[in-house]
Amino acid sequence: MTDEHRATDAFKNRCTNAALALESCANYFLDRISLDESNANRKDNTLDVWLREGPQQPDVVISLSGLHSVRPWEPEATPSFIDGISLVHLPKLPSPWPADAVGRLDRSGDLPELVWLRITGPLEVDAVASIVTVYRAQSDDAASVLR
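Keep in mind it's a predicted model, so treat the numbers as computed, not measured.

Undergrad: Any chance you could explain the sheet that holds strand 4 (residues 80–81) here in plain terms?
TA: Note: strands within a sheet are paired through backbone hydrogen bonds, in either parallel or antiparallel orientation. Strand order across the open sheet formed by 7 strands is 4-1-2-3-7-6-5, with antiparallel pairing between neighbours. The sheet is open, and its two borders are formed by strand 4 and strand 5 (84–90), each paired with just one other strand. Pairing geometry for strand 3 (residues 60–71) and strand 7 (residues 125–136), over 10 bridges, is antiparallel. Following the sheet pairing, Arg 71 is matched in strand 7 by Asp 126.

And the structure:
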């Protein structure tokens, strides 16, 4: 039996599912960003992004670790709206990367599969990592149903 977490397309599927979950966040606001740079090896650092739409929609948190690239942003004191959000799977060599991703990192044979998060708007986030998790809070409607 194949371990599902080690299946050939597991990471690609995880990226696709995360991207699909984020498609519904077009009307959200970028509420908070946290970049933990406390580790000596920057690949051990984490980036967490909180998205909020309001009381009618559940909050979403995007957590990236195994960071390979984080482009700086200009922190603002207040939440900012999102113009666009995308999460793209970047495969290992010899598979090609999407045209927009070419040149972002030096590609070598030991570079793992990666994920590229881009959020555009007044406050922009651009990060490449080897681990992605998208958390969606349970909505009040779903929480009200006993199972």
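Undergrad: Even after reading the chapter, I still don't get the pairing of strand 7, so can you show me in this structure?
TA: Along a regular strand, successive side chains alternate from one face of the sheet to the other. Bridge count between strand 6 (residues 114–120) and strand 7: 5 bridges; the pairing is antiparallel. The residue bridging Arg 118 from the neighbouring strand is Asp 126, located in strand 7. Hairpin remark: strand 6 followed by strand 7, antiparallel, with 4 residues in the connecting loop; positive phi at Gly 121, about 155°.

Undergrad: Help me understand the confidence of the model for the protein chain in this model?
TA: Where the model shows low pLDDT, its predicted coordinates should not be examined in detail. Overall, the predicted model of the protein chain reaches an average pLDDT of 83, with 83% of residues at or above 70. For the protein chain, helix 2 (residues 140–143) is the element with the lowest average pLDDT, namely 56, and strand 5 is the one with the highest, namely 94.

Undergrad: Is there a simple way to think about the packing of aromatic side chains in this case?
TA: The description of an aromatic ring pair uses the distance of the two centres, along with the angle that the planes make with each other. Applying the stated criterion across every chain yields a total of 0 aromatic pairs. Against the face of Trp 50 rests Arg 32, its NZ or CZ located 4.0 Å from the ring centre. It is Arg 118 that lies over the ring of Trp 116; its NZ or CZ is 4.2 Å from the centre.

Undergrad: Quick question: what am I supposed to make of the nonpolar core here?
TA: Generally speaking, a soluble globular protein has its nonpolar side chains buried in company with each other. If you look at the biggest cluster of nonpolar residues, it comprises 25 residues, and the most contacted ones within it are Val 49, Leu 51, Leu 64, Leu 87, Leu 117 and Ile 119. Among the secondary structure elements, those contributing two or more residues to this core are helix 1 (10–23), strand 2 (46–52), strand 3, strand 6 and strand 7. In terms of residue count, helix 1 provides more of this core than any other element does, 5 residues in total. Apart from residues no more than four positions distant in its own chain, Ile 119 is found in contact with Leu 30, Val 49, Leu 51, Ile 62, Ile 82, Gly 84, Ile 85, Glu 124 and Val 125. Judged by nonpolar contacts, the second largest core, of 8 residues, contains Trp 97, Leu 111, Trp 116 and Val 128.

Definitions and cut-offs
Residues numbered from 1 in each chain as written. Predicted model: local features only at pLDDT ≥ 70, side-chain atom pairs only at ≥ 80, totals over all residues. Heavy atoms only, no water. Pairing = 2+ DSSP bridges. Helix = DSSP H or I, 4+ residues; strand = E, 2+ residues; numbered from the N terminus. pLDDT = per-residue confidence, 0-100. Phe/Tyr/Trp six-rings, centres within 6.5 Å; stacked < 30°, edge-to-face > 60°. Lys NZ or Arg CZ within 6 Å of the ring centre and 35° of its normal. Core = buried A, V, L, I, M, F, W, Y, C linked by side-chain atoms within 4.5 Å. Buried < 20%, exposed > 50% of the residue type's maximum accessible area, 1.4 Å probe, protein only. Contact = heavy atoms within 4.5 Å.

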